[in-house]
Each structure stands twice: as structure tokens, then as C-alpha cells.
Amino acid sequence: MESKKRFHIVDEKVDAYIKASLAPYSGLLGQVQSDAEARGIPVISHETARLLEIISRAIKPKRILEIGTAVGFTSLLMVGSLSAYGKIDTIEVDPEMAAEADGNFKKAGCSGKINLIVGDAADVLENIDKQYDFIFIDAAKGQYCRYYELCSGMVAANGMIFTDNVLYRGMTASGAKINRRQQLLVKRLREFISTAVADKRFLTDVLSIGDGVCISYRK
Ligand SMILES: C[S@@+](CC[C@H](N)C(=O)[O-])C[C@H]1O[C@@H](n2cnc3c(N)ncnc32)[C@H](O)[C@@H]1O
């Protein structure tokens, strides 16, 4: 499966070794992850999920904002990192995905800690007036600049924005021939990375893990 990918961010053997070395998720979290992967629902890669979990636990956020819920795997992953009385706001545009996520939150007994908002993320963000300790961006790649513009001002001091898929299977960095739609996404992802890097309020790095992660720490 991996070898059929057109672009790789890291050497395939290194990738396979890391994937095989990491402990799997168990219980409901493991079920939600494997079920989503089996059905082709785009969830975060396993190694990026671990990084997200580690960073989120280190921050112990009171408030998390997630853009792109899908079936709720990463919401369930991050809920364990919340500090006392903490909450996650998570936004999903697809009502069917949202309904499934809602079912998973109920199964996990954590609906009270996760506020699921169904709607287009940019529209929803325009109407949010809150501060967050941790923001996870994982929705429409072509909209990342817009999401950043709308949510970067919501990050509390010492908080972080964690954005997935910024290297887009390596295409963001490679000069390989790609189709028009991909070219546009690559252009937008490059704009997103330059915007984040140039933003003096944050310290930003780009990591070649999974599909590429951009982390921005609010000074
Ligand atoms: C990569 S998936 C999210 C995966 C999830 N964070 C996880 O790893 O468990 C991206 C999700 O963003 C949603 N999405 C796409 N465009 C969106 C938009 N404009 N507003 C809100 N959600 C959007 C998609 O429907 C999809 O479920």
C-alpha cells in the first residue's frame, strides 16, 4: 500500500520501521482508528497521532479547538489531555461524519467534554470569540491560510497550533509534476507555511512526520 504512494516524505523503510515500532491504540480508540482506516475515512497517521497526543498532554489544555472532526478519533485522543473542567470544541462540515463522531463520543462517555459543531469551519470560526490553549487544524487544506487568519488570534500565551498534512505527501516540497488541483493546494500550503513562519507572535517549525506537521508555539 505504502509503496504505491507517488511521493514519500521520509524513506519508506524508515517510515515502516517507525509504524511497526509504535504501540497500537487499544479499546474504543483503537476500534475507531482501525474502522476509519478500513473504510478509507481520512484520519491522522498513527505516528502523527502519537505526536499530537504527546504535545497535547504536555500542554494539558483547558480549551482545545479542533478543525476537522471526521469520526472523532483525534477528539477522543485529545480528550484525555484536558485539564480539569477542560473542553474541546470540534468543527465538522459533513453531517454524516459528525453523527458518527457524536455516537463515538457517547460510547466513550465523553460527550460532556466535547462540543461538536456542524458547519463550515471558516463560517464557524468567524463567530467564535474564545481563547484556546491548543488548536488542531485538520480540515480543508486549501483553506489553511484562512483558518490560520481566523484562529491564530485565539491562541493563549504558551499555547500551540498543530496543523496536519502540510507537506501533502511530499508535494509541497517537491518539484514533481502534479495536476492542477494539486498545484493549487501546494501553492496554498506553501502560502500557509510562509504565513505561519513569518508570524512574529509564534515560533514555528515544520516536521516531516506522517503527512507533514506544522507546529506554532504562541510566545
Ligand atoms: C482529515 S479529516 C479529519 C480527521 C480527524 N481529525 C482525525 O484524524 O480523527 C478532515 C475532516 O475535515 C472535514 N472538513 C473538510 N472541509 C471542511 C470544512 N470546510 N469545514 C469543516 N470541516 C471540514 C472533512 O469532512 C473531514 O471529516
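Placed above this text is the structure.
These numbers come from a predicted model, not from an experiment. Numbers given for residues are sequential positions, taken from 1 along each chain in its written order. Confidence filtering applies because this is a predicted model: local features only for residues at pLDDT of at least 70, side-chain atom pairs given and counted only at 80 or more, and all residues used for totals across whole chains, interfaces and linings. Computation of side-chain values covers all heavy atoms of the structure but excludes hydrogens and water.

Side note on the overall build of the protein chain
Item 1. Strands here mean DSSP runs of E at least two residues long; helices mean DSSP runs of H or I at least four residues long; both are numbered from the N terminus. The helix and strand tally for the protein chain stands at 8 helices and 7 strands.
Item 2. A compact globule built from 219 residues should have a C-alpha radius of gyration of about 17 Å, and the protein chain, at 17 Å, falls within 12% of that.
Item 3. For the C-alpha atoms alone, the extent of the protein chain along its principal axes is close to 45 × 40 × 30 Å.
Item 4. Pairs of residues are marked as contacts when any of their non-hydrogen atoms sit within 4.5 Å. Excluding contacts between residues fewer than 6 apart, the proportion of contacts in the protein chain whose partners are at least 24 apart in sequence is 68%.
Item 5. For the protein chain, the computed accessible surface area is about 11,000 Å², with 54% contributed by carbon and sulfur atoms.
Item 6. His is not counted, nor are the chain ends, whereas Lys and Arg count as positive and Asp and Glu as negative. All charge positions are set by atom: Lys at NZ, Arg at CZ, Asp at CG, Glu at CD. Side chains of the protein chain give 29 positive and 27 negative charges; the mean places of these two sets differ by 3 Å. For a compact globule the rule gives 2.2 Å times the number of residues to the power 0.38, and the radius of gyration it is set against comes from C-alpha atoms. To be clear on the numbers: accessible area is Shrake-Rupley with a 1.4 Å probe, and residue cover counts the displayed protein chains and nothing else.

With respect to the nonpolar core
Item 1. If you look at the biggest cluster of nonpolar residues, it comprises 32 residues, and the most contacted ones within it are Leu65, Ile67, Leu125 and Ile135.
Item 2. Only strand S1 (63-67), helix H6 (121-126), strand S4 (132-137), helix H7 (144-151), strand S5 (155-164) and helix H8 (180-198) provide two or more residues apiece to this core.
Item 3. Of the residues forming this core, the biggest block, 6 residues, is contributed by H8.
Item 4. Ignoring any residue separated from it by four or fewer positions in sequence, one finds Ile135 in contact with Leu65, Cys151, Met154, Val155, Met160, Ile161 and Phe162.
Item 5. Among buried residues, those of type Ala, Val, Leu, Ile, Met, Phe, Trp, Tyr and Cys that are joined through side-chain atoms within 4.5 Å constitute a nonpolar core. Exposure classes here rest on a 1.4 Å probe applied to the protein chains alone. A residue is buried below 20% of its type maximum, exposed above 50%, and partly exposed in between. In this structure, Leu29, Leu52, Phe73 and Leu82 belong to the second largest nonpolar core, which totals 30 residues.

Observations regarding the site of the ligand
Item 1. Around the ligand, 20 residues are found, and the nearest of them are Ile44, Thr74, Glu92, Asp120 and Asp138.
Item 2. Residue Thr74 places a side-chain N or O atom 2.8 Å away from a nitrogen atom belonging to the ligand.
Item 3. In the environment of the ligand, a nitrogen atom lies 3.2 Å from a nitrogen or oxygen atom belonging to the backbone of Val93.
Item 4. For this classification, the nonpolar set comprises Ala, Val, Leu, Ile, Met, Phe, Trp, Tyr, Cys and Pro, the charged set comprises Asp, Glu, Lys and Arg, and every other residue, Gly included, is treated as polar. Broken down by class, the residue content of the shell around the ligand amounts to 11 nonpolar, 4 polar and 5 charged. It suffices for a single heavy atom of a residue to lie within 4 Å of a molecule or strand for the residue to be listed as near it. Polar contacts, as counted here, are pairs of nitrogen or oxygen atoms within 3.5 Å of one another; within protein the pair requires one atom able to donate a hydrogen and one able to accept it, and residues that are adjacent in sequence qualify only if both atoms are side-chain atoms.

A look at the sheet that holds S1
Item 1. In this analysis, strands are considered paired if DSSP registers two or more bridges between them. The mixed open sheet is built from 7 strands, whose spatial order is S3-S2-S1-S4-S5-S7-S6. Of all strands in the sheet, those bounded by a partner on one side alone are strand S3 (114-118) and strand S6 (202-207). Adjacent strand axes in the sheet meet at a mean angle of 15 degrees when their direction is disregarded.
Item 2. To get an axis, fit a line to the C-alpha atoms, keeping to the stretch in contact for a helix; angles then go from 0 to 180 degrees between the N-to-C directions. Packed on one face of the sheet, helix H5 (residues 95-108) meets strand S2 (87-92) and S3 and runs near 165 degrees to S3.

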